[in-house]
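One letter stands for each residue in the lines below.
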Amino acid sequence: MLRHLIAALTVALAVSAAQAQDSRLRNTELQRLDTGDDGRGWEAVGRLDLAGRGFCTGALIAPDLVLTAAHCLFDKTTGARLNDEKIEFLAGWRYGRASAYRWVRRAVVHPAYVSGGEVAAERVRNDVALLELRHPIRNARVVPFDTDKRPQTGQRVGVVSYAKGRSDAPSLQEVCDVIANQQGVLVMSCDVDYGSSGSPIFTFDGGAPRVVSVVSAMAEVDGEKVSLGTQLEAPLEVLRAELASGGGLRAGAGTYMTVVGVPRQTGAKFAKP
């Protein structure tokens, strides 16, 4: 059982435009969703272009709501909160075209998320944000995903993401596992890279993909890559309530890097940016 979540540094996965050009896809288990047929059913996953500061991945969970990681909304150099209205969601983005284009109207970050501060598991547990679009996406090809309760340790999950070296089309890693599940943090065997921040983690029970987490950070455990994310159920309720009460753009400060812990007893190694 996971007892301690303060053992090793991991790095946030937002990618700059320059970084996106100089890496090749390394994991052969990742399936490129290069064509319309390959990407059918995944159009509600999209690229979030971050005010010219790079990109993350997001997922539509209602016609006007996109789920992503909180740290995506902060400038990685200055730590300042980005202007929500300069963030664009490109649903199903593939080789220069999207199934829908929408600007963000406002965004709420989990109120317990702190950009900067002490190294703690709270960084991952609260690293989640909800973005309200200016106009809902009502497109028969772009169907919002349902969300679900937290997955159990050992349960099969998958991730769809854009990332460094594959920013022009999404990729699917359909088979990975929940390694640990405690204190509001999921540790998963999914192999992610820069740009994968905010990527939806899915379960496939009943045949339909449901979002159960978003990618927050990456690490190495016993030489193997892992991804880290929040247990989504409770944080999502907080974010929905924040939007309903009129929450939106707020000031932010601190650093853009996410620093979290993974199990001490596993021999975790620092991930390299």
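This structure is a prediction, so every number in the text was calculated from the model and none was measured.

**Considering the overall build of the protein**
Alright, step 1. Scanning the protein for helices and strands turns up 2 helices and 16 strands.
Alright, step 2. Considering the protein as a whole, with its 273 residues, one finds that 58% of them fall into the buried category.
Alright, step 3. Sequence-distant contacts, at least 24 apart, represent 74% of the contacts inside the protein between residues at least 6 apart.
Alright, step 4. When the accessible surface of the protein is totalled, it reaches about 11600 Å², and 49% of it is carbon and sulfur.

**Some details on the state of the cysteines**
In protein chemistry, a disulfide is the covalent bond that joins the sulfur atoms of two cysteines.
Alright, step 1. A full pass over the atoms with the stated rule returns 2 disulfides.
Alright, step 2. Paired through a disulfide, Cys56 and Cys72 show a sulfur-sulfur distance of 2.1 Å. Of note, the bridge from Cys56 to Cys72 carries an S-S torsion of about -95° and is left-handed in sense. Placement of Cys56 in strand S4 (residues 55–62) and of Cys72 in the loop between strand S5 (65–68) and strand S6 (87–91) is noted, with a sequence separation of 16 residues between them.
Alright, step 3. Paired through a disulfide, Cys176 and Cys190 show a sulfur-sulfur distance of 2.0 Å. Disulfide Cys176 to Cys190: torsion about the S-S bond roughly 65°, handedness right-handed. You can see Cys176 sitting in strand S11 (residues 166–182) and its partner Cys190 sitting in the loop between strand S12 (185–188) and strand S13 (200–203), a full 14 residues away along the chain.
Alright, step 4. Counting only the cysteines that take part in disulfides, in the order they occur along the protein, gives the pairing 1-2, 3-4.

**Some points on the confidence of the model for the protein**
Alright, step 1. Confidence in the prediction for the protein averages 76 pLDDT; 73% of positions are at 70 or higher.
Alright, step 2. The low-confidence segment residues 1–28 (pLDDT under 50) makes 104 contacts with residues lying over four places distant or belonging to another chain.

**What to know about the nonpolar core**
Alright, step 1. Within the largest apolar cluster, 51 residues are counted, with the highest numbers of intra-cluster contacts made by Leu67, Leu130 and Leu131.
Alright, step 2. The element best represented in this core is S4, accounting for 6 residues.
Alright, step 3. Setting aside residues up to four positions removed in sequence, Leu131 forms contacts with Leu48, Asp64, Leu65, Val66, Thr68, Leu73, Ile87, Val104, Arg106 and Ala107.

**A word on the sheet that holds S5**
Alright, step 1. The strand order S3-S4-S5-S8-S7-S6 describes a closed barrel built from 6 strands, whose pairing is antiparallel. Taken over all neighbouring pairs, the strand axes of this sheet differ in orientation by 40° on average, direction set aside.
Alright, step 2. The pairing of S5 with strand S8 (residues 129–133) spans 4 bridges and is classified as antiparallel. In the sheet register, Thr68 faces S8, and the bridge partner there is Ala129.

**Thoughts on the pattern of salt bridges**
Alright, step 1. Counting across every chain of the model gives 6 salt bridges.
Alright, step 2. Arg210 is the partner of Asp146 in a salt bridge, and the nearest nitrogen-oxygen pair spans 3.7 Å. Taken together, the residues Asp146 in strand S9 (residues 146–147) and Arg210 in strand S14 (residues 210–221) connect sequence positions 64 residues apart.
Alright, step 3. Residue class for Asp146 comes out partly exposed when judged on its relative accessible area of 46%.
Alright, step 4. Take Arg210: its relative accessible area is 30%, and that puts it in the partly exposed class.
Alright, step 5. It is possible to trace a salt-bridge network through shared partners that takes in Arg105, Arg106 and Glu132.

**Structural notes on the pairing of S6**
Alright, step 1. Among the 5 residues in S6, 5 count as buried, and that is most of the element.
Alright, step 2. Residues Ile87, Phe89 and Ala91 of S6 are buried on one face, and the alternating residues Glu88 and Leu90, pointing to the opposite face, are buried as well.
Alright, step 3. The pairing of strand S3 (residues 45–50) with S6 spans 5 bridges and is antiparallel. Across the sheet, Gly46 pairs through a bridge with Ala91, a residue of S6.
Alright, step 4. Where S6 and strand S7 (residues 100–109) come together, 4 bridges link them in antiparallel fashion.

**Let's talk about the pairing of S5**
Alright, step 1. With burial as the criterion, each face of S5 is covered, one bearing Leu65 and Leu67 and the other bearing Val66 and Thr68.
Alright, step 2. Taken together, the 3 bridges between S4 and S5 define a ladder with antiparallel strand orientation. Pairing of Ala59 across the sheet is with Leu67, part of S5.
Alright, step 3. What sits between the antiparallel neighbours S4 and S5 is a turn of 2 residues.

What counts, and where the lines are drawn
- Residues numbered from 1 in each chain as written.
- Predicted model: local features only at pLDDT ≥ 70, side-chain atom pairs only at ≥ 80, totals over all residues.
- Heavy atoms only, no water.
- Helix = DSSP H or I, 4+ residues; strand = E, 2+ residues; numbered from the N terminus.
- Buried < 20%, exposed > 50% of the residue type's maximum accessible area, 1.4 Å probe, protein only.
- Contact = heavy atoms within 4.5 Å.
- Areas by Shrake-Rupley, 256 points an atom, 1.4 Å probe, with all protein chains shown as cover.
- Disulfide = S-S within 2.5 Å.
- pLDDT = per-residue confidence, 0-100.
- Core = buried A, V, L, I, M, F, W, Y, C linked by side-chain atoms within 4.5 Å.
- Pairing = 2+ DSSP bridges.
- Axes fitted to C-alpha atoms, helices over the stretch in contact; angles between N-to-C directions.
- Salt bridge = Lys/Arg side-chain N within 4 Å of Asp/Glu carboxyl O.

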